[in-house]
Amino acid sequence: MLKGKTAIITGGSRGIGEAIACEFASLGVNIAVIYAGNKQDAEKVCQKCEKNYGVKAKAYQCDVSIFETVKETVANIRDEFGTIHILVNNAGITSDGLCAMMKEDAFDKVISTNLKGAFNFIRHCTGMFLKNREGCIINIASVVGLTGNAGQSNYAASKAGLIGLTKSVAKELASRGIRCNAIAPGFIRTDMTESQADNPLLAAIPLGRMGETADVAKAAAYLATAQYVTGEVLRVDGGIAM
Ligand code: NAI
C-alpha cells in the first residue's frame, strides 16, 4: 500500500524520526530525511534505508523553523523525488523551566521549532498533496500537549498547539483526500529523555516500561495506511495519560 511513495521525515537523523524513517523504508517508502546539523547521522540513516530496504533516501539540512528555508527544501525534494505523499513533522526540542522564570528566548525557540516548523512543512507540501488528490500528514505531538506538565509550559504549549493544528488541517483538507493525524508519545527512550531515567513518573506507566522508538514508528505506519482515520490524536504512552 505504501510501496513507491515518498515521505519527508523531519528530525529523521536520530531517535523517533530515525525509527519512523526505517519503518517506512521497510514498507517500500522512499525517504527524505530532514536534519538540523548532524549530516553524518542523517546520511547514516539514509544508507541504512537504502541498503536494508532498497528504497531511495536522501538527507537535507534544513532548520524547520525558517519559512523560506523550508520552502526551498520542499522544492528540492520535489525535484529529486518527483512528488511527496507523506509528511511526518517530528523535529522537536525542549528547553525546560518554570514559566515564571522562563527566558523569552526559551519560549520562542520551542514554539518556532515544534509548532511553526510543522506549519512551515504543511504549508509548503499541501500544494502537492492537493494536486495529487492524496496526502498524509503525521504530527509528532506529546502527551504533555494533552495533560500539561510543570516545568514544560513552552513545550506543552507547542504540542497542544500542534494538536489544534492537526485537527484544523484535517478539517480543511479531508474533502480533498488529505488526512492529518497526530501521535502523542509518552516517555520514549531517546536522547531527549536521557536525563529522565530516574523520573518518578516512570513508575506510573500502566504498561510498566518506557516506550521504544519502534513503538512510535509502528503507530506512524498505522496512521500512514489508515484511510478512514483523520484528525485523530493517537497516544503511544503505555497508558500514562489515560
Ligand atoms: P531527539 O532529540 O532525539 O530528536 C529530535 C530531532 O529533531 C533531531 O534529529 C534534531 O536534529 C531535530 N531537530 C531539532 N530542531 C530542529 C530544527 N530546528 N530543524 C530541523 N531539525 C531539528 O528527540 P526524540 O525523542 O526523537 O523526539 C522526536 C519528537 O518526538 C519530538 O518532536 C519530541 O518532542 C517528540 N516526543 C518525544 C518524546 C520522548 O519521550 N522522546 C515524548 C513525546 C514527544
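Details of the structure are given in the entry above.
Conventions we followed
Residues numbered from 1 in each chain as written. Predicted model: local features only at pLDDT ≥ 70, side-chain atom pairs only at ≥ 80, totals over all residues. Heavy atoms only, no water. Helix = DSSP H or I, 4+ residues; strand = E, 2+ residues; numbered from the N terminus. Rg over C-alpha atoms; globule rule 2.2 N^0.38 Å. Buried < 20%, exposed > 50% of the residue type's maximum accessible area, 1.4 Å probe, protein only. Areas by Shrake-Rupley, 256 points an atom, 1.4 Å probe, with all protein chains shown as cover. Lys, Arg positive; Asp, Glu negative; His and termini not counted. Charge placed at Lys NZ, Arg CZ, Asp CG, Glu CD. Salt bridge = Lys/Arg side-chain N within 4 Å of Asp/Glu carboxyl O. Contact = heavy atoms within 4.5 Å. Pairing = 2+ DSSP bridges. Right-handed = clockwise from strand over helix to strand, strands pointing away. Phe/Tyr/Trp six-rings, centres within 6.5 Å; stacked < 30°, edge-to-face > 60°. Lys NZ or Arg CZ within 6 Å of the ring centre and 35° of its normal. Axes fitted to C-alpha atoms, helices over the stretch in contact; angles between N-to-C directions. Polar contact = N/O pair within 3.5 Å; in protein donor to acceptor, adjacent residues only side chain to side chain.

**Let's talk about the overall build of the protein chain**
At step 1: In terms of regular secondary structure, the protein chain is built from 7 helices and 7 strands.
At step 2: Of the regular secondary structure in the protein chain, the N- to C-terminal order runs β-α-β-α-β-α-β-α-β-α-α-β-α-β.
At step 3: A compact globule built from 242 residues would reach a C-alpha radius of gyration of about 18 Å, and the protein chain, at 17 Å, matches this within 12%.
At step 4: Principal axes of the C-alpha set define a box for the protein chain whose edges measure 45 × 35 × 35 Å.
At step 5: Sorting the 242 residues of the protein chain into buried and exposed places 50% on the buried side.
At step 6: Roughly 11500 Å² of accessible area belongs to the protein chain as shown, and the carbon and sulfur atoms make up 51% of that amount.
At step 7: Positive and negative side-chain charges of the protein chain, numbering 26 and 23 respectively, have mean locations separated by a distance of 7 Å.

**Some remarks on the pattern of salt bridges**
At step 1: Overall, the coordinates contain 11 salt bridges when judged by the stated rule.
At step 2: Each of the salt bridges in this network shares a partner with another, and the network as a whole consists of Lys56, Lys58 and Glu80.

**Side note on the side chain of Lys159**
At step 1: Within the secondary structure layout, Lys159 lies in helix H6 (residues 153-173).
At step 2: The side chain of Lys159 sits in the buried core without any salt bridge; Asp96 is the nearest counter-charge, 11 Å away.
At step 3: Not counting residues within four places of it along the chain, the set of residues in contact with Lys159 comprises Asn114, Ile140, Ala141, Ser142 and Gly145.

**Describing the pairing of strand E6 (residues 178-185)**
At step 1: Counting buried residues in E6 gives 8 out of 8 residues, a clear majority hidden from the surface.
At step 2: Residues Ile178, Cys180, Ala182 and Ala184 line one face of E6 and the alternating positions Arg179, Asn181, Ile183 and Pro185 line the opposite face, and both faces are buried.
At step 3: Of the strand pairs in this sheet, strand E5 (residues 135-140) and E6 are connected by 6 bridges, and their pairing is parallel. The partner of Cys136 across the bridge, within E6, is Arg179.
At step 4: Pairing analysis gives 4 bridges linking E6 to strand E7 (residues 233-236), with the strands arranged parallel. Its bridge partner being in E7, Ala184 is matched across the sheet by Arg235.
At step 5: With helix H7 (residues 213-225) bridging E6 and its parallel neighbour E7, the resulting β-α-β unit is left-handed.

**Thoughts on the environment of Val33**
At step 1: Its location among the elements puts Val33 in strand E2 (residues 30-35).
At step 2: Looking at Val33, the relative accessible area reads 0%, which means it is buried.
At step 3: Put simply, Val33 and Asn89 are 56 residues apart on the chain and 11 Å apart in space, counted from C-alpha to C-alpha.
At step 4: Excluding residues that lie within four positions of it along the chain, Val33 makes contacts with Ile9, Gly12, Ser13, Ala42, Val45, Cys46, Lys58, Ala59 and Tyr60.

**What to know about the packing of aromatic side chains**
At step 1: In the structure shown here, the tally under the stated rule is 1 aromatic pair.
At step 2: Between Phe67 and Phe119 the ring centres are 6.2 Å apart and the planes differ by 20°, which places this aromatic pair in the stacked class. Taken as a pair, Phe67 in helix H3 (residues 67-81) and Phe119 in helix H4 (residues 104-132) lie far apart in primary sequence, 52 residues in all.
At step 3: The cationic tip of Lys56 hangs over the ring face of Phe81; the distance from NZ or CZ to the ring centre is 5.0 Å.

**With respect to the sheet that holds E7**
At step 1: Overall, parallel pairing links the 7 strands, which are arranged E3-E2-E1-E4-E5-E6-E7 in an open sheet. For this open sheet the edge positions go to strand E3 (57-61) and E7, each flanked by a neighbour on one side alone. Between one strand and the next, the sheet's axes are offset by a mean angle of 20°, whatever the strand orientation.
At step 2: Docked against the sheet, helix H2 (residues 39-53) engages E2 and E3, running at close to 165° with respect to E3.
At step 3: Sheet contacts for H4: strand E1 (6-10), E2, strand E4 (86-89), E5 and E6; angle to E4, the most-contacted strand, approximately 175°.

**Some words on the environment of Ser158**
At step 1: Position of Ser158 relative to the elements: it lies in helix H6.
At step 2: When its relative accessible area of 0% is taken as the criterion, Ser158 is described as buried.
At step 3: Sequence-wise, Ser158 and Gly145 are 13 residues apart; in three dimensions their C-alpha atoms are separated by 7.3 Å.
At step 4: Dropping the residues within four chain positions of it, Ser158 is found in contact with Val110, Ile111, Asn114 and Leu115.
At step 5: There is a polar contact of 2.6 Å between the side chain of Ser158 and the backbone oxygen of Tyr155.

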